[in-house]
Amino acid sequence: MAFKAVKNNQNLVDIELEKMKFWREHKTFAKSLQNREKAKKVVFFDGPPFANGLPHYGHMMIGSLKDAMARFWTMKGFSVPRVAGWDCHGLPVEYEIEKQFGLAGKQDIEKMGTEKFNQACRESVFKYTNEWEEVMDRFARWVDFENGYATLENDYMESIWWVFKQIWAKGLVYEGAKAMQICPRCETPLSNFEVTQGYKDITDLSVTIKFALKDQKDTYFLAWTTTPWSVASVMGLAINKDIDYVKVKADDGFYILAESRLEAVFNNSDRSYEIVEKMKGADLVGQKYQHVFDYYDRAPEVLASEKAFSVVATEYASDQEGTGIVTINGAFGEEDMMAAKENGLPMFVNVAMNGNYLPEVKDFAGKFVKGQDQNIAAFLEKKGNLFKKENYRHSYPHCWRCDTPLLNYSTKAWFIKVTEVKDKMLVNNQKINWQPPHLKDGRFGKWLEGARDWNISRNRYWGCPIPIWRNEYGDMMAIGSMEELKNLTGGVLPKDLEGKLDLHKPYIDQITFVHPDRDPKDEKALMKRISDVFDCWFESGSMPYAQLHYPFENKKEFEGNFPADFIIEAIDQTRGWFYTLHVLSTILFDKPAANNIVCTGHVNAADGEKLSKSKKNYPDPTQLFASKGVDAVRFYLYQSPVVVGDGVRFSEQHVDEFLKKFNLTIWNTYSFFVTYANIDGWAPDRLISPFKPKHALDKWILSELNALIQVVGSEMEGYNMMKATRPMVEFVDNLSNWYVRRSRRRFWKSENDQDKDEAYQTLYTALVIFSRMLAPFMPFMAEEIYQNLTGNESVHLTDWPEFRKQFVDKKINQQNFMVRSIVALGHQIRAKNKIKVRQPLSKVEIALPDGIDLKSIKSQIDVIAEELNVKEVEFLSLDE
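So, here's what we can say about the structure. Nothing here was measured: the structure is a model prediction, and the numbers come from that model.

What counts, and at which threshold
- Residues numbered from 1 in each chain as written.
- Predicted model: local features only at pLDDT ≥ 70, side-chain atom pairs only at ≥ 80, totals over all residues.
- Heavy atoms only, no water.
- 1 Å grid on protein atoms, 1.4 Å probe; cavity = no way out; pocket = protein on both sides within 12 Å on 5 of 7 lines; lining within 4 Å.
- Points joined across faces, edges and corners; volume = space filled by probe spheres on them.
- Helix = DSSP H or I, 4+ residues; strand = E, 2+ residues; numbered from the N terminus.
- Nonpolar A, V, L, I, M, F, W, Y, C, P; charged D, E, K, R; others polar.
- Buried < 20%, exposed > 50% of the residue type's maximum accessible area, 1.4 Å probe, protein only.
- Pairing = 2+ DSSP bridges.
- Phe/Tyr/Trp six-rings, centres within 6.5 Å; stacked < 30°, edge-to-face > 60°.
- Core = buried A, V, L, I, M, F, W, Y, C linked by side-chain atoms within 4.5 Å.
- Contact = heavy atoms within 4.5 Å.
- Expected span 1.5 Å × (residues − 1).
- Polar contact = N/O pair within 3.5 Å; in protein donor to acceptor, adjacent residues only side chain to side chain.
- Axes fitted to C-alpha atoms, helices over the stretch in contact; angles between N-to-C directions.
- Parallel < 35°, antiparallel > 145°, perpendicular 65-115°, else oblique.

## A few points about the layout of surface pockets
Step number 1: Size it by volume and the second largest pocket reaches roughly 1500 Å³.
Step number 2: As for the second largest pocket, its lining consists of 49 residues, and the residues nearest its centre are Gln181, Gly333, Glu334, Glu335 and Asn408.
Step number 3: Elements represented by at least two residues in the lining of the second largest pocket include exactly β4 (173-183), α9 (192-195), β7 (219-225), β14 (326-328), α12 (334-343), β15 (386-397), β16 (407-416) and α15 (443-449).
Step number 4: A total of six residues in the lining of the second largest pocket trace back to one element, the largest contributor, which is α12.
Step number 5: The residue makeup of the lining of the second largest pocket, split by class, is 20 nonpolar, 20 polar and nine charged.

## Quick look at the pairing of β7
Step number 1: With seven of seven residues buried, β7 is to be regarded as a mostly interior element.
Step number 2: Burial along β7 is two-sided: the face carrying Thr219, Phe221, Ala223 and Thr225 and the face carrying Tyr220, Leu222 and Trp224 are both buried.
Step number 3: When strand β6 (residues 199-213) meets β7, the two strands line up antiparallel, connected through six bridges. Within the sheet, the bridge partner assigned to lysine 210 lies in β7 and is leucine 222.
Step number 4: The turn linking β6 back onto β7 is made up of five residues, and aspartate 218 within it adopts a positive phi angle of 55°.
Step number 5: In the sheet, β7 pairs with strand β10 (residues 253-258) via three bridges, with the strands oriented parallel. Looking at the pairing, phenylalanine 221 lines up with isoleucine 256 of β10.

## Some thoughts on the packing of aromatic side chains
Step number 1: The final tally for this structure, using the stated rule, is 69 aromatic pairs.
Step number 2: Taken together, a centroid distance of 5.5 Å and an interplanar angle of 40° make the contact between phenylalanine 658 and phenylalanine 662 tilted. One end of the pair, phenylalanine 658, and the other, phenylalanine 662, are both in helix α23 (residues 652-680), four residues apart, so they sit about a helical turn from each other.
Step number 3: For phenylalanine 662, a relative accessible area of 0% translates into the label buried.

## Topic: the nonpolar core
Nonpolar side chains in soluble globular proteins generally cluster together in the buried interior.
Step number 1: Grouped together as the largest cluster of nonpolar side chains are 117 residues, with contacts concentrated most on Phe635, Phe662, Phe673, Phe770, Met773 and Leu789.
Step number 2: With 12 residues, helix α25 (residues 721-748) is the single largest residue contributor to this core.
Step number 3: When sequence neighbours within four positions are dropped, the list of residues in contact with phenylalanine 635 reads Phe658, Phe662, Thr725, Met728, Val729, Leu774, Phe777 and Met778.
Step number 4: Counting residues in each nonpolar core, the second largest holds 79 residues, with Leu91, Cys399, Ile468 and Phe513 among its members.

## Remarks on helix α1 (residues 12-26)
Step number 1: Here α1 spans 21 Å end to end across 15 residues, near enough to the 21 Å set by a 1.5 Å rise per residue.
Step number 2: Every buried residue belonging to α1 is among Leu12, Val13, Ile15, Glu16, Lys19, Met20, Phe22 and Trp23, and all of these are buried.
Step number 3: Tucked inside the fold, the buried residues of α1 contact α2 (28-35), α7 (129-138), α21 (621-628), α22 (630-639), α23 and α27 (779-790).
Step number 4: The N-cap residue of α1 is asparagine 11: its side-chain oxygen and the backbone nitrogen of valine 13 are 2.9 Å apart.

## Some points on the packing of α25 against helix α30 (residues 861-868)
Step number 1: In the contact formed by α25 and α30, the axes pass within 13 Å of each other and the chain directions differ by 95°. Relative to α30, the element α25 is oriented roughly perpendicular. Of α30, the residues touching α25 (which contributes Trp738, Arg741, Arg742 and Arg745) are Val863, Glu866 and Glu867.
Step number 2: For the contact of α25 with α30, a count of residues per class yields two nonpolar, no polar and five charged.

Structure (structure tokens):
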């Protein structure tokens, strides 16, 4: 048979489009799954994206890694299900609908109606699924969309209920009031790992306030705060009992502050001062002061408190910044709340969850607090209580979805007692093979060590409802299944207006029942669902169970394949999805969610900046694929630091360089073989078996090939894609720039002899086997080479190449490595001295390091002389 002719200047993008068409027509992906249907499974958890947004480079990069790993394990003989999933609930979806309908927050949503709002959310969540499928298809990521799952499905949500019921039964759920970061625009608290995603460096106003002592005339505590908006309900001042404080006399009175802060505080204040008294912080505890706002002076809580408007000792008061004295407002801030509770200070929440002051703050009622810092400062100045104001640069959390500055706010929410299972989580983390390895005890391990209880409730609308029902007596029940709910309601389940089962709000909120232990006629015994929905991270963390509707279905399948074999996501998921998976799997099964976790870095713009649609600082993916091809982008990414958790600066130029260095080198080697094989009429039917080539070059390249099979397979099994792919680049260089170049005369000679046949068979074997190794990484080119050279249907239906130890010769590998190194150094010296290779030289002197087989290298003197164009090769001893 003759091979299909190959062009040297072939447009590789055209090849990719042909292969895409071929795979669709021949259902190659489905066949690859069917071939392994009865094989042992390798399971991976695929983080579900939101389908109401378009895929970006990050999705494509991570998707290419997932695809390569899935293809590899399939070729190794395993069944690797690849089912698509979609995140459908939560603030990302709600925020888009609010923008679409011009809604300003919860008040507008309530006017619109929960049913109408949630219906709009439902209609939007699959807005871009076609685009996702097209991009996945073009990027050669094989995913089963037909049998996918979505977090909005009743079955998925029922499994979430089951997960929650197990945690409830273990006594690990509680309702509590805590200081949490809330988004005033979304009017809901965020979990601590959500908060970490939105920090930005901003400039705020800090103020130093004069608080007059009650028993000392013209004497003031100087207290510092970076949240002037919270001062109205400050109930105490915090000092550190071990810090040295001073009382100083200035032109306008006496001031008390930390001694070490004197210079910084009085700098630019136009006040001269002298120290009149020194004291320890402990000496200040209990002293009373006059608050600068009088809103709460006569409040019952204040009158009943002995410590209201007094100085208390805390450990967090510091003399590293400010004045060494800080304000305490238990309603806003975790440390403040603890200090208020420990010292019996009243707490007043005088801000609504939308961030506006309540009417009791008479001078600023109805105003948004984050916009009032300057006005508060002006108010204090007018009253004579402002000592100083200045800009303060710091990192401040913003909503990860709508970018609104967060408020540290005391509110009620539902929590999981993560702190009670932290030790188990740390033990289970040690069972995971992390890539890169430092994440185990570094970023992820340290995050676990500082784990806090998880706020899982959101007082929002579009999400899986938390299945807690309670009555006026305080009886509470967690429901773990629809069957359990039916038994309590006499068969009634929530249904939408069309009569279809729907667990969402508002339908679920219409389901009530009487507590089994109460009088059915007692109205107070009526159980009603709490209004909150789950944090969407709880939903995605339940994915291992909910995607299979476990335990209601697929019980054996799930339990036989958990933990998963691997997960691949970006490094920020160590504080997101990886964390929630780990929390839930530890509580439910005391196991990690996956045995292997691969963390990628982030793809950045060429200048190192974050990719930005508005800045247009990155090449359009579709245009890049159209000009350079997907294979080039994929393999470039596998080689980059991004696969070991570091960032990569992505540019079209980098892809182009790799395309020329690797892709085109493979193609030209393949083209060389096909061209001369067709000229000589060489075909695979002339293959010799068992194949035992005599030529040293044939032995060497087959030895390198089999060594490559072993190292690539081993590194992929260890989930280290960079270490797996980099040797492939070296092999292609060996194959093209040494083996083929040094063997050209063997292919060019006119007579067909055994040596020529063995050269063809060697190169044919190398290309076919290498195409199979290349298949997970560059699926299009691998397919083209394999199909043309073998006539078989698809490289993606083959097994991973078998490692043949008998072909590996370490001595011949080292010999050729040293010879190539000598030649490369010789060429470098010529280039440095601007002496072209075509100019012959009389002699080259070579000194070899200890441990090198000199006899073996000397056997290649003719090769070295020819490559360096010298008449004589002389070896020197380093001892001479």
